[in-house]
Amino acid sequence: MNYQKKTVVASVTGLTLEGMDIMFISFAMSMIIANFHIDLATGGLISSITNLGMLAGGVIFGILADKFGRVRTFTYSIIFFAIGTALTGMATNIEQIYIFRFIAGLGAGGEYGIGMTLVAEAWPKDKQGRASSYVSIGAQFGVIIAAVLSAIILPAFGWRALFFVGIIPVIFAIMVRKNLKESPAWLAAQKRQKADKRLEKSKLPQLFATPRTSVTTISLAIMATVQIAGYNGLMIWLPSMLQKSQGLSVSSSALWTISTAVGMLIGMLTFGQFIDRLGMKRSYGIFLLASASAVFLYSQAAGGAAVLIGGAIVGFFSNGMFAGYGALISSYYPVQIRSTATNVIFNFGRALGGLSPILVGYILQKYDMTVAMTYLAILYCVSFIVMLSLKRNPRTEAVELKRAG
């Protein structure tokens, strides 16, 4: 297996674990709420605190990865994630759940950006879209595995057992990382940095070094926020929505989750091809507008077939875009701050977008599914408008192409 394929396999493994763990929370949510006697908004706070941990982990591990190397830092982030996941199954009150999910979030926040950076640095520019999509489908593999395991384990062993199962793939992830060499692009950047001490600057301030860079950073952060808000709003609460509105059982809602995840998988693979053939902005424009329409129309779906097919269509567009963020963010920043940029921007989106489950939970308590889905549709329209402001810095791009050559 060549280096490019190794980066994809290793990153897919890490994202599979992460996607599985996130959906464990979704399927176990009703049991956790009943176990600790909390309301829906308090339950939604579990995911929000996890996302805050991801933001902190993204900043910490992103800076460490740019300073000490991608591969080594990724392994440490996996260890944090494993500890937090295992401890979640041992929690005796909701406060402990919050603490352990924050720890898990620290590791998850580092893992995503580092993996995406490795892939972006290993693949040529005209293939980064599809390479990024290959990695992103790992999260959907995790969703499907979580749905199957939840249907089997929850009725027989309860919610705690899920989180013990969730640490098993870590062993494989660590094994893969031990056999993966450091990013050649990072090694080359380190040599340049040693030769020119002016390159040894603080990482975070460089995300706002110029007015154009500041606009780019803020725009990408807003887009990432919408992506996570939409994903969390759909995947955290829709199983519960459908159980109420359509009278679905836990097993039936798991079937919906699998259908939606399959739609997401196909959407991600398609979106990767769109990026490489049509470019970033055109691809995001098409999918963002289609997502807004699909989400709004889905609120009117009725009947088992419409719920399953509609869920697949919503998943295709709304989460198909997830596949492009690694390539999108990486393309706007130089190697020496690329991991920091990817981790900080996307995990900021996770932290802020992670508040969406609280808001959706509140909307569902006060209104209905139609209002909740309208809220998500508006978010995609906002992201479309912000996306139009993105402009690449020709000078930075020329420098990167010269270095790549």
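Note that the structure is a prediction, hence the values are computed from the model and not measured.

(A) Summary view of the overall build of the chain. For the chain, the helix and strand inventory stands at 17 helices and zero strands. Expressed as a percentage of its 405 residues, the buried residues of the chain come to 58%. Of the contacts formed within the chain by residues at least 6 apart in sequence, a portion of 84% connects residues at least 24 apart. Only carbon and sulfur atoms are counted for the fraction: they give 69% of the accessible area of the chain, which is about 16,100 Å².

(B) Examining unusual backbone geometry more closely. Its identity is not glycine, yet H37 carries a phi of approximately 55°, on the positive side. Relative to the helices and strands, H37 resides in the loop between α1 (3-36) and α2 (40-68).

(C) Up close: empty space enclosed by the protein. If you walk through the whole model with that rule in mind, you get one cavity of 30 Å³ or more. Along the walls of the largest cavity sit 19 residues, with E18, I22, Y231, N232 and R350 positioned nearest its centre. For the lining of the largest cavity, the elements supplying multiple residues, two or more each, are α1, α2, α5 (128-157) and α9 (211-245). Per-element accounting of the lining of the largest cavity gives the leading share, five residues, to α1. Of the residues belonging to the lining of the largest cavity, the class tally is nine nonpolar, seven polar and three charged.

(D) Spotlight on the environment of F384. One can find F384 in helix α16 (residues 369-387). Distance in space between the C-alpha atoms of F384 and F287 is 9.1 Å, their sequence separation being 97 residues. Those residues in contact with F384 that sit more than four places away from it in its chain are G285, L288 and L289.

(E) Structural context of the nonpolar core. Counting residues in each nonpolar core, the largest one holds 110 residues, and the members touching the most others are Y284, L328 and Y333. By residue number, the principal contributor to this core is α1, which donates 15 residues. Not counting the four nearest positions on each side in its chain, Y333 is found in contact with L207, T213, T216, T217, L220, R338, A341 and I345.

(F) Focus on α2. Between its first and last C-alpha atoms α2 spans 42 Å; for 29 residues at 1.5 Å apiece the expected length is 42 Å, and the two agree. Phi turns positive, to about 120°, at G69, one or two residues after α2.

(G) Spotlight on a nonpolar patch on the surface. Together, F208, I218, I222, I378 and V382 line one region of the surface with nonpolar side chains, adding up to about 430 Å² of accessible area. Looking at the nonpolar patch, the elements with two or more residues in it are α9 and α16. Tracing the backbone through its elements, the reader meets V382 in helix α16.

(H) Seen up close, helix α11 (residues 280-298). With 19 residues, α11 ought to run about 27 Å at 1.5 Å a step, and its terminal C-alpha atoms sit 26 Å apart, in line with that. Within the span of α11, buried status applies to M280, S283, Y284, G285, F287, L288, A290, S291, A292, A294, V295 and Y298.

(I) A look at the pattern of salt bridges. Tallying each qualifying case throughout the model produces four salt bridges. Sharing partners across several salt bridges, the network here consists of D66, R70, E121 and R338.

(J) Structural view of the packing of aromatic side chains. Enumeration over the complete set of coordinates arrives at 15 aromatic pairs. Measuring from centroid to centroid gives 5.8 Å for Y112 and F322, while their planes differ by 50°, and the two rings are tilted. Taken as a pair, Y112 in helix α4 (residues 94-122) and F322 in the loop between α12 (304-318) and α13 (325-330) lie far apart in primary sequence, 210 residues in all. The pair Y112 / F322 is uniform in exposure class, with both members buried. Taking 4.9 Å as the distance between ring centres and 80° as the angle between the ring planes, the aromatic pair formed by F316 and F317 counts as edge-to-face. The ring of F68 has K67 lying over it, and the distance from NZ or CZ to the ring centre is 5.7 Å.

(K) How the structure looks around the environment of K127. Checked against the element boundaries, K127 lands in the loop between α4 and α5. Once the C-alpha coordinates of K127 and R277 are considered, the two residues, 150 residues apart in sequence, prove to be 9.5 Å apart.

(L) Broad picture of the side chain of T342. Note that T342 resides in helix α14 (residues 335-353). Side-chain polar atoms of T342 contact the backbone oxygen of R338, separated by 2.9 Å. The contact partners of T342, leaving out residues within four places of it in the chain, are Y112, G113, M116, T117, I329, S330 and N347.

(M) Structural detail: the packing of α2 against helix α15 (residues 356-366). It is the contact of α2 with α15, at a shortest axis distance of 8 Å, that shows an interaxial angle of 160°. The pairing of α2 with α15 is recorded here as roughly antiparallel in orientation. The crossing of α2 and α15 is right-handed. Facing L40, A41, G44, L45, S47 and S48 of α2, the residues of α15 in contact are P357, I358 and Q365. Tallied by class, residues from the contact of α2 with α15 come to five nonpolar, four polar and no charged.

(N) Spatial organisation of the confidence of the model for the chain. On average, residues of the chain carry a pLDDT of 82, and 88% of them reach 70 or more. With pLDDT under 50 throughout, residues 396-405 is counted as low confidence; its partners more than four residues away or in other chains account for eight contacts.

(O) Structural context of the environment of G107. With respect to the secondary-structure elements, G107 resides in helix α4. Residue G107 is classed as buried on the basis of its relative accessible area, which comes to 0%. Distance from G107 to A56, taken between C-alpha atoms, is 9.3 Å for residues 51 residues apart in sequence. Non-local contacts of G107, meaning those with residues more than four positions away in its chain, are made with F61, S77, F80 and F81.

Analysis parameters
Residues numbered from 1 in each chain as written. Predicted model: local features only at pLDDT ≥ 70, side-chain atom pairs only at ≥ 80, totals over all residues. Heavy atoms only, no water. Helix = DSSP H or I, 4+ residues; strand = E, 2+ residues; numbered from the N terminus. Buried < 20%, exposed > 50% of the residue type's maximum accessible area, 1.4 Å probe, protein only. Contact = heavy atoms within 4.5 Å. Areas by Shrake-Rupley, 256 points an atom, 1.4 Å probe, with all protein chains shown as cover. 1 Å grid on protein atoms, 1.4 Å probe; cavity = no way out; pocket = protein on both sides within 12 Å on 5 of 7 lines; lining within 4 Å. Points joined across faces, edges and corners; volume = space filled by probe spheres on them. Nonpolar A, V, L, I, M, F, W, Y, C, P; charged D, E, K, R; others polar. Core = buried A, V, L, I, M, F, W, Y, C linked by side-chain atoms within 4.5 Å. Expected span 1.5 Å × (residues − 1). Patch = residues over 30% accessible without salt bridge, like charges linked within 9 Å, V, L, I, M, F, W, Y side chains within 5 Å. Salt bridge = Lys/Arg side-chain N within 4 Å of Asp/Glu carboxyl O. Phe/Tyr/Trp six-rings, centres within 6.5 Å; stacked < 30°, edge-to-face > 60°. Lys NZ or Arg CZ within 6 Å of the ring centre and 35° of its normal. Polar contact = N/O pair within 3.5 Å; in protein donor to acceptor, adjacent residues only side chain to side chain. Axes fitted to C-alpha atoms, helices over the stretch in contact; angles between N-to-C directions. Parallel < 35°, antiparallel > 145°, perpendicular 65-115°, else oblique. Left-handed = near helix turned anticlockwise from the far one by under 90°. pLDDT = per-residue confidence, 0-100.

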